[in-house]
Amino acid sequence: MKNKELLMQGNEACVEGALVAGMRFFAGYPITPSTEIAELSSEKLPLVGGKFIQMEDEIASMAATIGASLTGLKSMTATSGPGFSLKQENIGYAAIAEVPCVIVDVQRGGPSTGLPTSPSQGDIMQSKWGTHGDHPIIVVAPASVRETFDLTIKAFNFSETYRTPVIILLDEVIGHMREKIELPDISKIDIVNRKKPLVNKEDYLPFKADEDLVPPMADYGEGYRFHVTGLVHDETGFPSNNPDVSDKLIRRLDAKIEKNKDKIVEWEEKNTNDAEIIILSIGCVSRASNAAMKIMRNKGIKVGTFRPITVWPFPEKRLEELSQKVKAIIVAEMNLGQMALEVERISKCMTRIEKVNKVNGEIITPDEIIAKIKEVL
Amino acid sequence: MPSAIVNEYFRTKKLPQIWCPGCGHGIITRAITVALDKSNLNRDKICIVSGIGCSSRATGYLDFDTLHTTHGRAIAFATGIKLAKPELTVIVITGDGDCTAIGGNHLIHACRRNIDITAIVFNNNIYGMTGGQYSPTTPKYDKGTTAPYGNIDKSFDIPGLAAAAGATYVARATAYHANLLISLIQKGINNKGFSLIEAISDCPTYYGRKNKKGDAVDMLEWQKKYAINVTAASKMPPESLKGKFIIGEFKNTTEPEYTDEYQKIIDNIGKE
């Protein structure tokens, strides 16, 4: 039987995906172009016994999201540009305290208030390094409405698996665009719930990691009486100034994503087998890249596309392989070259890197990419 | 030897605590545990949340589910906890800077929502953890390391602020008036709504030294001498209250509580 076809916005698909993933708490603050995510959450969460709250600011909504997650509820918040900047403080808290949560950033033009209603991809580096200090993060970037649904579920699964904040990096185009989508059979979707402690309550060490580097997580109110802090802490959860404890913690937090990279990293490539030129892009720009590829292929020019689905960790291994066999990689992005920096680093001068950048609030067009391809040829 | 209360409710392995000799925070922290003890609650359903600063280190010593959050944000984290799991008794431990400067916005909105959280503000009139900078409750013209010529900011009346913003239970006591403090905290915990209890502490190390207030004993003596109970104060002419401060219960009202209101939404959806 064919699943029901729906006409849906990216922001709507995000909420639908979140509910399927088990989201039962959302704290947010109104901001364009992510507001629909809060609006829909406020409508849908009480229907499933979940909770929505509009907090007094972005910082508070991040804080409430973390607080709710500590009681065992899968929690999400959504924001854009200036709000994403404000959330960074507590994203760092979620990272060090290992509290699963999902943060949606519907990117708009920046810096500052910038271009509130226009798309951008200017938060690529902020999504990785926005909060201070070395910290783990997983960032996914959907390129369609359907993929927003799928990746939101995956974002929750990652956050529960690795006890880490996960960022969904949407852009205004994908967030607001309406597409016809067919939702998958919900019963067949893998839903991950956080690993619970199996030891006696008195033996519970809230930050003692298992072999997968992730510690099992008790809920507040279950009788484990544990301490959580944003300070560097040992396995007991209590603060420590011991250099060895700090070193061990920060390295483990990093390693729990680094060492599991193969299970996390995802990308999409098209026509890369014989490609001489690869267009690399994420989110809405990848749609223009695929259009440009089609046009060039029709003219017999061997163009392929490469789209990181997880922006962080970046699909490094595969990109390195491709760098060895193509003539050029064109990095098309709606910023001044944030992802290109990563591509340059990974490709180690094995291929030519060219950039197509746009920061005027308008989407990069296939023609603009084609113009760059012609330059390279 | 620690007292029975300390043995029961403190993580005694984590003691001694980090506070300076003479700091009033220990008295206030103990008062919270006594109030909890008297409240007869399920120990495993109590969650204590703090921000950043001297007072906020208290959570590490208390044997409950405890959360030491970011600077100023304790009430916002606590709001998430309480709404997500209303069966929990949620206590916030915060300081004058944490609660009324960087966290001021979270405070007033939690008051406005009347969410069932009890916040105890340890007010030592200074930023102690960072070494003595003036805070929103440093009295005007007093000194701090960032007010070497005297603080020209007017200080906050924290209970007045909370009451005006909508908290349903508001009170103040001091480290000296420990028994009063215990009973006010207990009433705050019993109040179904947002409760704020200001606990005047003493910081002999920074505020006291900078402002020649003497040692810890002198500072506690000052609390004794200048505090007037709210009932007595109401009968005194305003001029005789000059230089004094008022302690006791300022507000005790009943208003719909936030998580109850939310539950009504959930319960009523099917009925429409």
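Residues numbered from 1 in each chain as written. Chains lettered and ligands numbered in written order. Predicted model: local features only at pLDDT ≥ 70, side-chain atom pairs only at ≥ 80, totals over all residues. Heavy atoms only, no water.

Visitor: Even after reading the chapter, I still don't get a positive patch on the surface, so can you show me in this structure?
Guide: All names here are of chain B. Together, K143, R209, K210 and K212 make up a positively charged patch on the protein surface. Within the secondary structure, R209 sits in helix α8 (residues 204-210). Note on R209: relative accessible area 57%, which makes it exposed. (Patch = residues over 30% accessible without salt bridge, like charges linked within 9 Å, V, L, I, M, F, W, Y side chains within 5 Å. Areas by Shrake-Rupley, 256 points an atom, 1.4 Å probe, with all protein chains shown as cover. Salt bridge = Lys/Arg side-chain N within 4 Å of Asp/Glu carboxyl O. Lys, Arg positive; Asp, Glu negative; His and termini not counted. Charge placed at Lys NZ, Arg CZ, Asp CG, Glu CD. Helix = DSSP H or I, 4+ residues; strand = E, 2+ residues; numbered from the N terminus. Buried < 20%, exposed > 50% of the residue type's maximum accessible area, 1.4 Å probe, protein only.)

Visitor: I keep staring at the sheet that holds strand β4 (residues 117-123) of chain B and nothing clicks. Help me out?
Guide: Hydrogen bonds between backbone atoms are what pair the strands of a sheet, whose relative direction is either parallel or antiparallel. Spatially, nine strands are ordered β10(A)-β2(B)-β1(B)-β3(B)-β4(B)-β8(B)-β7(B)-β10(B)-β9(B) in an open sheet, and the strand pairing comes out mixed. Edge positions in the open sheet fall to β10 (227-229) of chain A together with β9 (227-229) of chain B, since each of these has one partner strand only. Neighbour-to-neighbour, the strand axes of this sheet turn through a mean angle of 20°, independent of strand direction. Sheet topology places β4(B) next to strand β8 (residues 195-200) of chain B; six bridges connect them, and they run parallel. Paired with N123(B) across the two strands is I200(B), which belongs to β8(B). The strands touched by helix α4 (residues 81-97) of chain A are β10 of chain A together with β2 (65-68) of chain B; relative to β10(A), the strand with the most contacts, the crossing angle is about 135°. (Pairing = 2+ DSSP bridges. Axes fitted to C-alpha atoms, helices over the stretch in contact; angles between N-to-C directions. Contact = heavy atoms within 4.5 Å.)

Visitor: Any chance you could explain the domain arrangement of chain A here in plain terms?
Guide: Many descriptions give the size of an interface as the accessible area lost when the pieces come together. All names here are of chain A. Partitioning chain A into domains gives domain 1 (5-188) and domain 2 (268-376). Using C-alpha coordinates to define each centre, domain 1 is positioned 26 Å away from domain 2. Here domain 1 meets domain 2 over a buried area of about 1900 Å², counting both sides, of which 61% is carbon and sulfur. Of all residues in domain 1, Q121, I124 and M125 give up the largest surface area on contact with domain 2, accounting jointly for 33% of the area buried on that side. Remark: the boundary between domain 1 and domain 2 carries two salt bridges. Joining domain 1 to domain 2, the criterion identifies 15 residue pairs in polar contact (both at pLDDT 80 or more). If you list the elements that add at least two residues to the side of domain 1 that touches domain 2, you get β6 (115-119), α5 (124-129), β7 (138-140), α6 (145-162) and α7 (172-176). Looking at which element gives the most residues to the side of domain 1 that touches domain 2, the answer is α5, with four residues. Considering only residue class, the side of domain 1 that touches domain 2 consists of 15 nonpolar, six polar and five charged. (Domains from an automatic or database assignment. Buried area = accessible area lost by both parts, 1.4 Å probe. Polar contact = N/O pair within 3.5 Å; in protein donor to acceptor, adjacent residues only side chain to side chain. Nonpolar A, V, L, I, M, F, W, Y, C, P; charged D, E, K, R; others polar.)

Visitor: Please explain the nonpolar core as it appears in this structure.
Guide: The nonpolar side chains of a soluble globular protein tend to be buried, and buried together. In terms of nonpolar packing, the biggest core is built from 145 residues, with M76(A), V49(B) and F194(B) touching the most fellow members. Those residues in contact with M76(A) that lie beyond four places of it in its chain are C14(A), A18(A), M23(A), F25(A), F26(A), A27(A), I37(A), T65(A), V102(A), V104(A), T152(A) and F156(A). Ranked by size, the runner-up nonpolar core spans 33 residues in total, among them I28(B), A31(B), I93(B) and I197(B). (Core = buried A, V, L, I, M, F, W, Y, C linked by side-chain atoms within 4.5 Å.)

Visitor: Honestly, the interface of chain A and chain B in this entry has me stumped. Any pointers?
Guide: On the chain B side, the residues contacting the 41 residues of chain A number 39 residues. Of all residues in chain A, K51(A), E56(A) and R225(A) give up the largest surface area on contact with chain B, accounting jointly for 22% of the area buried on that side. Between the two partners, chain A and chain B, sit four salt bridges. For D44(B), the salt bridge identified is with R225(A), shortest N-O distance 3.0 Å.

Visitor: Explain the environment of R11(B) to me, please; I cannot follow it from the model alone.
Guide: As for its placement among the helices and strands, R11(B) is situated in the loop between α1 (4-9) and α2 (25-39). Spatially, the C-alpha atoms of R11(B) and G60(B) are 7.7 Å apart, while their sequence positions differ by 49 residues. What R11(B) contacts, discounting residues up to four positions off in sequence, is R225(A), F226(A), H227(A), F238(A), T59(B), G60(B), Y61(B), L62(B), D63(B), F64(B) and T66(B). At a separation of 3.2 Å, a polar atom in the side chain of R11(B) contacts the main-chain carbonyl oxygen of T59(B).

Visitor: Is there a simple way to explain the pattern of salt bridges in this structure?
Guide: Close approach of charged atoms lets side chains of opposite charge pair. Applying the stated criterion across every chain yields a total of 47 salt bridges over all chains. The partner of K261(A) in a salt bridge is E258(A), and the shortest N-O contact between them spans 3.1 Å. For R172(B), the salt bridge is made with D157(B), and the minimal N-O distance between the two is 3.3 Å. Placement of the pair is R172(B) in strand β7 (residues 169-174) and D157(B) in the loop between β6 (133-134) and α6 (158-165), with a sequence separation of 15 residues. R172(B) sits in the buried class, given a relative accessible area of 11%. Put simply, R225(A), E8(B), R11(B), R43(B), D44(B) and D63(B) are held in one network by salt bridges that share partners.

Visitor: Even after reading the chapter, I still don't get the packing of aromatic side chains, so can you show me in this structure?
Guide: For any pair of aromatic rings, the description rests on two quantities: the centre-to-centre distance and the angle between the ring planes. Within this structure, the stated rule accounts for 12 aromatic pairs over all chains. Aromatic side chains Y204(A) and Y224(A) sit 4.9 Å apart centroid to centroid with 65° between the ring planes, which places their arrangement in the edge-to-face category. Taken together, the residues Y204(A) in the loop between β9 (178-182) and β10 and Y224(A) in the loop between β9 and β10 connect sequence positions 20 residues apart. On the basis of relative accessibility, which here comes to 10%, the residue Y204(A) falls in the buried class. Residue classification places Y224(A) among the buried positions, given a relative accessible area of 14%. Ring geometry for W19(B) and Y61(B): centres 5.8 Å apart, planes at 75°, overall edge-to-face. Here Y61(B) lies in the loop between β1 (46-50) and β2 and W19(B) lies in the loop between α1 and α2, a separation of 42 residues in the sequence. Considered together, W19(B) and Y61(B) belong to a single accessibility category, that of buried residues. (Phe/Tyr/Trp six-rings, centres within 6.5 Å; stacked < 30°, edge-to-face > 60°.)

Visitor: What exactly am I supposed to notice about the pairing of β4(B) here?
Guide: A regular strand carries its side chains on alternate faces of the sheet. All names here are of chain B. Where burial is concerned, most of β4 is hidden: seven out of the seven residues are buried. Inspection of the sheet shows strand β3 (residues 89-95) paired to β4 by six bridges, in the parallel sense. Paired with I91 across the strands is T118, a residue of β4.

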